[in-house]
Amino acid sequence: MRTLIAVIILSFFATAASAAEPCEPRAKVAPALHRLEDAMAKDRFITYTPTSLKVVDGNVTPADADSIRADLKTLRPWFDAIVTYSARDGAELIPGIAQELGYKAVIIGIWSPGDSEELSNALKLAKRYPKLVVGLSLGNEIVFGKRGTWAELARYVKLTRERVPDLPITVSEPFAQFLESDSSDVRDDLDFLLVNVHPVFESWFKTAGPDNWADFDVKIVDKLADAFCGPILIKETGLPTGPAEMGYDEGKQAAFWRALERQMPPSKSHAFSYFAAFDAPWRTQDFNPVAGHHPEEAFWGLFTEARAPKPAIEGLKKLPQ
């Protein structure tokens, strides 16, 4: 099975760029980028949306400070770095609370980079917490979800970099989007890659096992490194724990993370964020770039919505406090 998967991946990426030449970061961003690289190698990231933040049929229930604090206290024994999705609707409170609780690194996500208020929030947070904030991510699956184009992302990157030339900037897309030819100008201009890699959506997933699923992530990152010169952090991967009728369960989720931990030890060049912090039942009623009903969207958490740990967490060694 591993050989078959390798053949599929190599065939898929036959047109990817050849190995990149060694590169140096932009001079202005180098100090902050080195902090990000150190965080990738030494800290343990988790991709986090507050349990109290919900979006149902376009109607937003903002996150509140008490709930965010409870979330981050729950996560802190196992994680000391965070990737977020938004800088508004209460999510702008995350970096300040994270600093209070001893987190070491935050990558701030900006859900709508064309939203001047959200972008302003993110830039203010980066200035207020310069040692904590190690990067900005402009959007999540904007191109894949047809919420924007590569040309628009290029403009957002340019405008944001003009305002914060010393902060690492990226965009976040599924891995295939980063290897399409029309992404190259934006991709090559980024300071780091924040990529989504989901084995569960591959045609061979159900006939493979945890080592194969993790091996897919490793090979994808290797192929991305052929096309991109800079650090690569997987933002989304893993398995949901339900629904059971779709073949998902807590044991498979835990087995995937143990396999990925073995196969991709974090480094300054390649690392992964655990995805996601908490279950989010409301996600089944939220926008999804893929048409149809997606009941698995409720179950990606390593903790339940009530903050109870699943086996994937119970098998993860706690961090020194």
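Going by the structure above, here's the rest.
Let us look at the structure shown here.

Rules of the game
- Residues numbered from 1 in each chain as written.
- Predicted model: local features only at pLDDT ≥ 70, side-chain atom pairs only at ≥ 80, totals over all residues.
- Heavy atoms only, no water.
- Helix = DSSP H or I, 4+ residues; strand = E, 2+ residues; numbered from the N terminus.
- Buried < 20%, exposed > 50% of the residue type's maximum accessible area, 1.4 Å probe, protein only.
- Polar contact = N/O pair within 3.5 Å; in protein donor to acceptor, adjacent residues only side chain to side chain.
- Contact = heavy atoms within 4.5 Å.
- Pairing = 2+ DSSP bridges.
- Right-handed = clockwise from strand over helix to strand, strands pointing away.
- Axes fitted to C-alpha atoms, helices over the stretch in contact; angles between N-to-C directions.
- Salt bridge = Lys/Arg side-chain N within 4 Å of Asp/Glu carboxyl O.
- Core = buried A, V, L, I, M, F, W, Y, C linked by side-chain atoms within 4.5 Å.

### Quick notes on the side chain of asparagine 196
So, step 1. Inspection of the secondary structure puts asparagine 196 in strand S9 (residues 193-196).
So, step 2. Of the residues examined, asparagine 196 reaches a relative accessible area of 2% and is grouped as buried.
So, step 3. One polar contact links asparagine 196 to glutamate 141, side chain to side chain, over a distance of 2.9 Å.
So, step 4. Setting aside residues up to four positions removed in sequence, asparagine 196 forms contacts with Asn140, Glu141, Ser172, Glu173, Pro174, Phe175, Lys235 and Glu236.

### Considering the pairing of strand S11 (residues 270-274)
So, step 1. Burial analysis of S11 places five of its five residues in the buried class, which makes it a mostly covered element.
So, step 2. Neither face of S11 is open: one carries His270, Phe272 and Tyr274, the other Ala271 and Ser273, and all of them are buried.
So, step 3. As defined by bridge partners, strand S10 (residues 232-236) adjoins S11 across three bridges and the pair is classed as parallel. Bridge assignment links isoleucine 232 to a residue of S11, and that residue is histidine 270.
So, step 4. Considered for its hand, the β-α-β crossover made up of S10, helix H10 (residues 250-263) and S11 is right-handed.

### Concerning the sheet that holds strand S6 (residues 133-138)
So, step 1. Here nine strands make up an open sheet; going across it, the order is S7-S6-S5-S4-S1-S11-S10-S9-S8 and the pairing parallel. Single-partner strands in this sheet number two, and they are strand S7 (169-170) and strand S8 (172-174).
So, step 2. Where helix H5 (residues 116-128) meets the sheet, it contacts strand S5 (105-110) and S6, and its direction lies at approximately 165° from that of S5.
So, step 3. The sheet contacts of helix H9 (residues 210-227) involve S9, S10 and S11, and relative to S10 the element is tilted by about 135°.

### So, the pattern of salt bridges
Opposite charge on two side chains permits pairing when their charged atoms draw close.
So, step 1. If you walk through the whole model with that rule in mind, you get 18 salt bridges.
So, step 2. With a shortest N-O distance of 3.8 Å, aspartate 80 and lysine 104 are connected by a salt bridge. A residue pair is termed long-range when its members are at least 10 positions apart, and aspartate 80 in the loop between helix H3 (65-75) and strand S4 (81-83) and lysine 104 in the loop between helix H4 (94-100) and S5 qualify at 24 residues.
So, step 3. Exposure remark for aspartate 80: the relative accessible area of 4% places this residue in the buried category.
So, step 4. Residue lysine 310 is joined to aspartate 279 by a salt bridge in which the shortest nitrogen-to-oxygen separation is 2.7 Å. Here lysine 310, found in the loop between S11 and helix H11 (311-314), pairs with aspartate 279, found in the loop between S11 and H11; they are 31 residues apart in sequence, far enough to count as distant.
So, step 5. Given the relative accessible area of 2%, lysine 310 is considered buried.
So, step 6. Beyond isolated ion pairs, a larger network of salt bridges with shared partners links Arg26, Arg161, Asp189 and Asp191.

### Let's talk about the nonpolar core
So, step 1. Ranked by size, the top nonpolar core spans 83 residues in total, and within it Tyr48, Leu72, Leu75, Phe79 and Leu224 carry the most contacts.
So, step 2. Looking at this core, the element that brings in the most residues is H9, giving eight residues.
So, step 3. Residues in contact with phenylalanine 79, not counting those within four places in the same chain, are Arg44, Phe45, Ile46, Tyr103, Tyr274, Leu302, Phe303, Ile313, Leu316 and Leu319.
So, step 4. Membership of the second largest hydrophobic core comes to 14 residues, among which are Leu36, Ala39, Leu194 and Leu233.

### Some words on unusual backbone geometry
So, step 1. Look at the link from glycine 242 to proline 243: it is a cis peptide, with omega at 0°.
So, step 2. Here proline 243 lies in the loop between S10 and H10.
So, step 3. The omega torsion of the bond from phenylalanine 275 to alanine 276 falls at -5°, within 30 degrees of zero and hence cis.
So, step 4. Tracing the backbone through its elements, the reader meets alanine 276 in the loop between S11 and H11.
So, step 5. Residue aspartate 89 is not a glycine yet carries a positive backbone phi of 55°.
So, step 6. Considering the arrangement of structural elements, one finds aspartate 89 in the loop between S4 and H4.
So, step 7. Phi is positive for lysine 146, close to 60°, though the residue is something other than glycine.

### Structural notes on the environment of alanine 308
So, step 1. With respect to the secondary-structure elements, alanine 308 resides in the loop between S11 and H11.
So, step 2. As a C-alpha pair, alanine 308 and phenylalanine 278 span 30 residues in sequence and 8.9 Å in three-dimensional space.
So, step 3. In this view, alanine 308 contacts Leu302 and Phe303; residues no more than four positions away in its chain are not counted.

### Focus: the side chain of aspartate 80
So, step 1. A polar contact of 2.7 Å, which involves the side chain of aspartate 80, links it to the backbone nitrogen of arginine 44.
So, step 2. Here aspartate 80 is in contact with Asp43, Arg44, Tyr103, Lys104, Ala105 and Leu319, once residues within four sequence places are set aside.

### Observations concerning the pairing of S9
So, step 1. Burial along S9 is two-sided: Leu193 and Val195 facing one way and Leu194 and Asn196 facing the other are all buried.
So, step 2. Of the pairings in the sheet, the one linking S8 to S9 comprises three bridges and is parallel in character. Bridging across to S9, glutamate 173 finds its partner in valine 195.
So, step 3. Here four bridges tie S9 to S10, and the two strands are oriented parallel to one another. Looking at S10, one finds that valine 195 is bridged to isoleucine 234.
So, step 4. You can see the chain leave S9, run along H9 and come back into S10, and the turn it takes is right-handed.

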